[in-house]
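# Architecture and fold: a report
Read off the chains here:
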Amino acid sequence: MGTVAALCRYPVKSMLGESLLSAAVTHAGLAGDRTYAVLDDTGAIGSVKHPRKWGQLLRCRARLADDSAVEVLLPDGVALPVGDPELDVRLSKLLGRSVFVSATAPAHSTLERAVPQYGGGVPDVVRATARVDGAGEEITVGNVAAGTFFDFGRVHLVTTSSLAGLRARYPDSDFDPRRFRPNLVVDTGGRRDFVEDTWVDGRVRVGEALFRVVVPTPRCVVPALGHDELAADPGIMRAIAREHRVPVFGLGRLACLGVYLEVLEPGTVRLGDSITRQDGP
């Protein structure tokens, strides 16, 4: 079905992450992925899905140091470990309000998402709950998956064929896989666009790990933002909304790219590993 062309994790939610040669996969996802998040005093979880409020987080990069401690590289080039009070001070200055890095989401925590104006960017039932917040952004408010900092799936996969198909139809936009913050980029060769849709409800083995493909991944505003040297590109999500709106659970037809995976059997995944369909119960 393909091979692993890139393997990535993001130790702090909504910060830039790191590319890996191999990763241990547990039932909770890639080891070290989204183990921390930035919170503010209201309990809001830092997510660049609300770019006016949290967009500066994408100027920071989180990585695991040799001793497995998480280190954050700030925009000014200073690197500080999570747990250092100076990191919270500097992040508060960057974001313009008091924030701190946390390993746990409080029971009252919330996740805010900007509401895109194009069709398929948010379920209609959710759009109906939108309000304008203090930053002047129309947002919806929800929660992360219980006990985690994941929005939903623990592992996220995108394919090269889907990105290549979009790139061919919209050559003025940059469909770099990093915009979509995947854990796995799978090189699917010359297979058709959105081939990963056909994997939903099936099981796939990647290296030593076994996964169930749960659902296509609904996209938000994040791919259109600037990532590292990639400039902001508002056409990215409008293109996906035009080309690929598919049913997601009972929420209607949403703009999707990639799929979410559930871990059935932990194991190590390495760059270059094959991905194969696994038959049986």
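To keep things clear, this report deals only with the structure shown in the data block. Being a predicted model, the structure only gives us computed values, none of them experimental.

Broken down by element type, the protein chain carries five helices and 20 strands. Taken against the 2.2 N^0.38 rule, which gives 19 Å for 281 residues, the C-alpha radius of gyration of the protein chain at 18 Å falls within 12% of a compact globule. Per-residue burial for the protein chain yields a buried fraction of 51% across its 281 residues. In the protein chain, once contacts between residues fewer than 6 apart in sequence are set aside, the share between residues at least 24 apart is 71%. Of the accessible surface of the protein chain, which amounts to about 12,100 Å², a share of 52% is contributed by carbon and sulfur atoms. Looking at charge distribution, the protein chain has the averaged site of its 33 positive side-chain charges lying 4 Å from that of its 34 negative ones.

Right, let's get into the pairing of strand β3 (residues 22-26). A one-sided burial pattern is seen for β3, the buried positions being Ala23 and Val25 and the unburied ones Ser22, Ala24 and Thr26. Note that β3 and strand β19 (residues 267-270) share four bridges and pair antiparallel. When the sheet's bridge partners are listed, serine 22 is paired in β19 with arginine 270.

The next subject is the packing of aromatic side chains. Tallied over the full model, the rule gives two aromatic pairs. On the basis of an interplanar angle of 70° and a centroid distance of 5.8 Å, the ring pair of phenylalanine 152 and phenylalanine 249 is categorised as edge-to-face. Here phenylalanine 152, found in the loop between β12 (138-142) and β13 (155-159), pairs with phenylalanine 249, found in the loop between β17 (245-247) and β18 (253-265); they are 97 residues apart in sequence, far enough to count as distant. On the basis of relative accessible area, phenylalanine 249 is assigned to the exposed category, the value being 55%.

Next up on the list: the pattern of salt bridges. A side chain with one charge can pair with a side chain of the opposite charge if their charged atoms come near. Applying the stated criterion across every chain yields a total of 19 salt bridges. Residues arginine 9 and glutamate 18 are paired through a salt bridge, measuring 2.7 Å at the closest nitrogen-oxygen approach. Its relative accessible area of 13% is what places arginine 9 among the buried residues. According to the relative accessible area criterion, glutamate 18 is buried, its value standing at 15%.

So, on to the pairing of β13. The buried fraction of β13 is high, at five of five residues. Across three bridges, the pairing between β13 and β18 is antiparallel. From the neighbouring strand, histidine 156 faces β18, where its bridge partner is tyrosine 260. Here β13 pairs with strand β14 (residues 184-187) via three bridges, running parallel. Paired with valine 158 across the strands is valine 185, a residue of β14.

Let us look at unusual backbone geometry. In this structure, arginine 34 is a non-glycine residue whose phi angle is positive, near 50°. Along the polypeptide, arginine 34 turns up in the loop between β4 (29-30) and β5 (37-40). Here arginine 34 falls in the buried class, since its relative accessible area comes to 16%. Positioned with a positive phi, phenylalanine 249 is a non-glycine residue whose angle comes to about 50°.

Let's shift gears to the sheet that holds β4. Working definition: the strands of a sheet are paired by backbone hydrogen bonds and lie parallel or antiparallel to each other. What the three strands build is an open sheet, ordered β4-β3-β19; its pairing is antiparallel. If you trace the sheet from one side to the other, it starts and ends with β4 and β19, each paired once.

For the rest of this paragraph, the subject is a nonpolar patch on the surface. Residues Val125, Phe152, Phe249 and Leu251 make up a contiguous nonpolar surface patch of about 410 Å² in total accessible area. Overall, the relative accessible area of 38% leaves leucine 251 in the partly exposed class.

We now examine the nonpolar core. Grouped together as the largest cluster of nonpolar side chains are 23 residues, with contacts concentrated most on Met15, Val38 and Leu91. Listing elements by their share of this core, those giving two or more residues are β7 (70-73), α2 (85-95) and β9 (99-102). With three residues, α2 is the largest single contributor of residues to this core. If we ignore the near neighbours within four places in the chain, the residues touching leucine 91 are Met15, Val38, Cys60, Leu74, Val99 and Val101. Grouped together as the second largest cluster of nonpolar side chains are 22 residues, Leu7, Leu20, Leu30 and Leu157 included.

Parameters at a glance
- Residue positions are given per chain, counted from 1 along the sequence in the order it is written.
- In keeping with the predicted nature of the model, local features appear solely for residues at pLDDT of at least 70, side-chain atom pairs appear and are counted solely at 80 or more, and the whole-chain, interface and lining totals rest on all residues.
- Only heavy atoms go into the side-chain values, all of them from the structure, while hydrogens and water stay out.
- For the purposes of this entry, the term helix denotes a DSSP run of H or I that reaches at least four residues, the term strand denotes a run of E that reaches at least two, and both are numbered from the N terminus.
- Both definitions apply: the radius of gyration is a C-alpha atom measure, and the globule rule equals 2.2 Å times residues to the power 0.38.
- Exposed residues in this analysis have more than 50% of their type's maximum accessible area, buried residues have under 20%, and partly exposed residues fall in between, with area computed by a 1.4 Å probe over protein chains only.
- Here, residues are in contact when the closest pair of their heavy atoms is within 4.5 Å.
- Accessibility throughout is a Shrake-Rupley quantity obtained with a 1.4 Å probe, and a residue counts as covered only by protein chains that appear here.
- Here the positive residues are Lys and Arg and the negative ones are Asp and Glu; neither His nor the chain ends is included.
- Charged groups are reduced to one reference atom each: NZ for lysine, CZ for arginine, CG for aspartic acid, CD for glutamic acid.
- Pairing between two strands is assigned when DSSP locates at least 2 bridges connecting them.
- In this scheme Phe, Tyr and Trp rings, the latter by its six-membered ring, pair at centre separations within 6.5 Å, and the angle between planes marks the pair as stacked below 30 degrees, edge-to-face above 60, and tilted otherwise.
- By definition here, a salt bridge exists when the distance from a side-chain nitrogen of Lys or Arg to a carboxyl oxygen of Asp or Glu is within 4 Å.
- Without a salt bridge and with relative accessible area above 30%, a residue can belong to a patch; like charges are then joined within 9 Å and nonpolar side chains (Val, Leu, Ile, Met, Phe, Trp, Tyr) within 5 Å.
- In plain words, nonpolar cores are sets of buried Ala, Val, Leu, Ile, Met, Phe, Trp, Tyr and Cys residues tied together by side-chain atoms within 4.5 Å.

Honestly, it's all geometry; don't read function into it.
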